[in-house]
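Observations on the three-dimensional arrangement
Okay, here's what each chain looks like letter by letter:
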Amino acid sequence: MAPTIRKRPNGQTIPAPAKIPVSLTVNGVPREIVVAPWVTLLDALRERLGLTGTKKGCDHGQCGACTVLLDGRRINSCMTFAVMQDGAKVTTVEGLARDGALHPVQQAFIDHDAFQCGACTPGQICSAVGLIAEGRANSVEEIRELMSGNICRCGAYPNIVAAIRQAMERERP
Amino acid sequence: MINFQYARATDIADAVRQIAGEPTAKFIAGGTNLIDLMKENIERPSRLIDISRLPLKQIEETGDGGLRIGALVPNSDLAYHALIERRYPLLASAILAGASAQLRNMASTGGNLLQRTRCYYFYDTATPCNKRAPGSGCAARYGLNRMHAILGSSEACIATHPSDMCVALAALEANVHVAGPGGERVIAFADFHRLPGDTPERDTTLRADEIIIAVELPARGFATHYSYLKIRDRLSYAFALVAVAAALELERDTIKEARLALGGVAHKPWRDVAVEKAMRGEPANRASFARAADAILRDARGFEHNAFKIELARRAIVRALTQAAAGTPQSQSVKKIR
């Protein structure tokens, strides 16, 4: 079958792209999906894999709600296409708990009441896990600066910083 | 999202071949600016050529004491690289002043150079913009122009270049290595970005069929006397109103060599080599710094909402040079300006 020709607003026509197979390891589980090139990693996680813990806030890399760990590094999943991440390991908020026990960062957020509405929380938690792994934050000021990509419109920042400090101290030998 | 095709480049020659064969295609690496522009319908590539897997992720020492940074080195890896921290702390500081940790983890070195202005009107397809739609006019000129240029603007465009990293690269006199159908060439950093003139749709002198492969730093790193001072509307994760990259070499209290580059004030990182030259031999004090600030800003011109940036820039320059001379660079986490 000949590919469909789609007309673009400027009059240019290009063939409809073939959907592309993508292999991801998501929260330790191998997953195979077939997606169009414009599907963001965020949309692939939420709409194709049913992992709705990762939130779509601004969809423009400004709020951090979509933060996940890509090969161990925190990124905005709204700002990359799934097809570009073929072969990658992705950890979302659903993949942080171990054997029924919350991740230390998750537990610290509860201990410190570090959220109100919760919409930014999965992104805050994934970002904090990435921050701790980077090992670059050694003070309250550095935590605040290196968490500035995660916006909390409820303004829970002081408790978020306290939660991260707790989790950081527990992970230190 | 628009309809587009996707292909991976297998090597640099393949990337160049693919882009030459389809001029409406675009390279994608980190994607942190391009994907946003595609979502906003500003960039509408017919094809994305994914270069993110090309082997351009090394940071290597060059024979003449400099460093060669592969175009795909992520911003965070560059800022935290031991050689950058030790020998080019001005660059590390500037990178950490920009974007967020998540974006720095994805954004590439080459992509940082090619990011586009954050002028509100460039982003708003309902308004005229000569950069987005050549010949349509400039809505910023008589619109909300708080973030806009005070130096080097034209009738056609008053947009600013948004990068922090590039301000430091300008001060350090980096070179940009590019590859095209005719082979490789080197573009001096000062010649890489351009002023808008009457063709503001062109941000750089990179040709449409060329790809950035590396950024090279010369040996001189100004690691003792430097400061990157960024002034913005909130303390973190915001574009600069004014940013200053200051670097000095001192002999006792006399300036031996000076570098001064400004961000957030023009269509490109702003340097004035004559001003830097005039600083040589001067005492490293407030009076000299104020003279340099006056000189580099002599042609500054404000618009309705951004005239304050001229005085802000003047003070920021004096402060950054003072910090550099004292060996007390601006911290990018403790935001108090001393």
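Residues numbered from 1 in each chain as written. Chains lettered and ligands numbered in written order. Predicted model: local features only at pLDDT ≥ 70, side-chain atom pairs only at ≥ 80, totals over all residues.

Attention now goes to the overall build of chain B. Looking only at helices and strands, one finds 13 helices and 12 strands in chain B. Whereas a compact globule of 338 residues would reach a radius of gyration of roughly 20 Å, chain B reaches 19 Å, a difference of no more than 12%. The dimensions of chain B, computed from C-alpha atoms along their principal axes, are 60 × 50 × 35 Å. Across the 338 residues that make up chain B, the buried fraction comes to 53%. Considering only contacts within chain B whose residues lie at least 6 apart along the sequence, 66% involve residues at least 24 apart. (Helix = DSSP H or I, 4+ residues; strand = E, 2+ residues; numbered from the N terminus. Rg over C-alpha atoms; globule rule 2.2 N^0.38 Å. Buried ≥ 20, exposed ≤ 12 C-beta atoms within 10 Å, placed from the backbone. Contact = placed C-beta atoms within 7 Å.)

So, on to the overall build of chain A. Secondary structure summary: chain A contains five helices and seven strands in total. Counting from the amino terminus, helix and strand elements in chain A follow one another as β-β-β-β-α-β-β-β-α-α-α-α. A principal-axis box enclosing the C-alpha atoms of chain A has dimensions of 60 × 35 × 25 Å. Considering chain A as a whole, with its 173 residues, one finds that 45% of them fall into the buried category.

It is worth spelling out the nonpolar core at this point. For soluble globular proteins, the rule of thumb is that nonpolar side chains tend to be buried together. Counting residues in each nonpolar core, the largest one holds 157 residues, and the members touching the most others are Leu90(B), Ala168(B), Ala245(B) and Ile317(B). Broken down by element, the residue count for this core peaks at eight residues, all from helix α13 (residues 308–326) of chain B. (Core = buried A, V, L, I, M, F, W, Y, C linked by C-beta atoms within 7 Å.)

Residue and element names in this part refer to chain B. Pairing within the open sheet is antiparallel, and its five strands lie in the order β4-β5-β8-β6-β7. Pairing within the sheet leaves two strands with one partner each, and these edge strands are β4 (59–61) and β7 (183–188). Sheet twist, expressed as the average angle between the axes of neighbouring strands with direction ignored, equals 25°. Sheet topology places strand β5 (residues 67–70) next to strand β8 (residues 211–217); four bridges connect them, and they run antiparallel. Note that in β8 the partner of Gly70 across the bridge is Ala214. Of the strands in this sheet, β6 (175–180) and β8 touch helix α1 (residues 12–21), which is tilted by about 130° from β8. (Pairing = 2+ DSSP bridges. Axes fitted to C-alpha atoms, helices over the stretch in contact; angles between N-to-C directions.)

Residues and elements named next belong to chain A. By the element assignment, Ile164 lies in helix α5 (residues 157–171). Classification of Ile164 as buried rests on a count of 28 C-beta atoms within 10 Å. Counting along the chain gives 32 residues from Ile164 to Ile132, while the straight-line C-alpha distance between them is 8.3 Å. Apart from the residues within four sequence positions on either side, Ile164 is in contact with Ala128, Leu131 and Ile143.

With 32 residues of chain A in contact, the opposing surface of chain B contributes 28 residues. At the level of elements, β6 (73–76), α3 (121–134) and α4 (140–146) of chain A are the ones that each hand at least two residues to the side of chain A that touches chain B. Its residues assigned to classes, the side of chain A that touches chain B comprises 13 nonpolar, 10 polar and nine charged. (Nonpolar A, V, L, I, M, F, W, Y, C, P; charged D, E, K, R; others polar.)

Residues and elements named next belong to chain A. Segmentation of chain A into domains returns domain 1 (15–95) and domain 2 (104–171). Put simply, the middle of domain 1 and the middle of domain 2, counted by C-alpha atoms, are 22 Å apart. Between domain 1 and domain 2, the residue contacts involve 15 residues of the former and 13 residues of the latter. Elements that contribute at least two residues to the side of domain 1 that touches domain 2 include exactly β5 (67–70) and β6. (Domains from an automatic or database assignment.)

All names here are of chain A. Take Leu42: it is sitting in helix α1 (residues 41–48). Its 25 C-beta neighbours within 10 Å are what place Leu42 among the buried residues. Spatially, the C-alpha atoms of Leu42 and Lys55 are 8.0 Å apart, while their sequence positions differ by 13 residues. Setting aside residues up to four positions removed in sequence, Leu42 forms contacts with Thr54, Lys56, Cys66, Ser77 and Cys78.

Per the domain assignment, the segments of chain B are domain 1 (5–52) and domain 2 (225–326). The C-alpha centroid of domain 2 of chain B is placed 36 Å from the C-alpha centroid of domain 1 of chain B.

Once that is clear, we can look at the sheet that holds strand β4 (residues 29–35) of chain A. Residue and element names in this part refer to chain A. Across the sheet, which stays open at both edges, the five strands sit in the order β4-β3-β7-β5-β6 with mixed pairing between neighbours. Because the sheet does not close on itself, it has two edges, and the strands there are β4 and β6. Strand after strand, the sheet turns through a mean of 40° between neighbouring axes, direction not considered. When strand β3 (residues 20–26) meets strand β7 (residues 89–91), the two strands line up parallel, connected through two bridges. Looking at the pairing, Thr25 lines up with Lys89 of β7.

Right, let's talk about the pairing of β6(A) for a bit. Within a regular beta strand, the side chains point alternately toward one face of the sheet and then the other, so they alternate between its two faces. Residues and elements named next belong to chain A. Relative to β6, β5 runs antiparallel, the two sharing four bridges. Across the sheet, residue Val68 finds its bridge partner in β6, namely Ile75. Linking β5 to β6, which pair antiparallel, is a turn of two residues; within it Asp71 sits at a positive phi near 50°.

To continue, consider helix α2 (residues 104–111) of chain A. Within the sequence span of α2(A), burial applies to Pro104(A), Val105(A), Gln106(A), Ala108(A) and Phe109(A). The secondary structure elements touched by the buried residues of α2(A) are α3 and α5 of chain A.

Turning next to unusual backbone geometry. The backbone phi angle of Asp113(A) is positive, close to 55°, even though this residue is not glycine. One can find Asp113(A) in the loop between α2 and α3.

Another aspect to go through is the pairing of strand β10 (residues 242–251) of chain B. Residue and element names in this part refer to chain B. The buried count for β10 comes to seven of 10 residues, which makes it a mostly enclosed element. Looking at chain direction, strand β9 (residues 225–231) and β10 are connected through seven bridges and run antiparallel. Along β10, the bridge assignment pairs Tyr226 with Ala247. With nine bridges connecting them, β10 and strand β11 (residues 254–263) associate as antiparallel partners. Within β11, the position partnered with Ala247 by the bridge is Arg259. Joining the antiparallel neighbours β10 and β11 is a turn of two residues, in which Arg252 adopts a positive phi near 50°.

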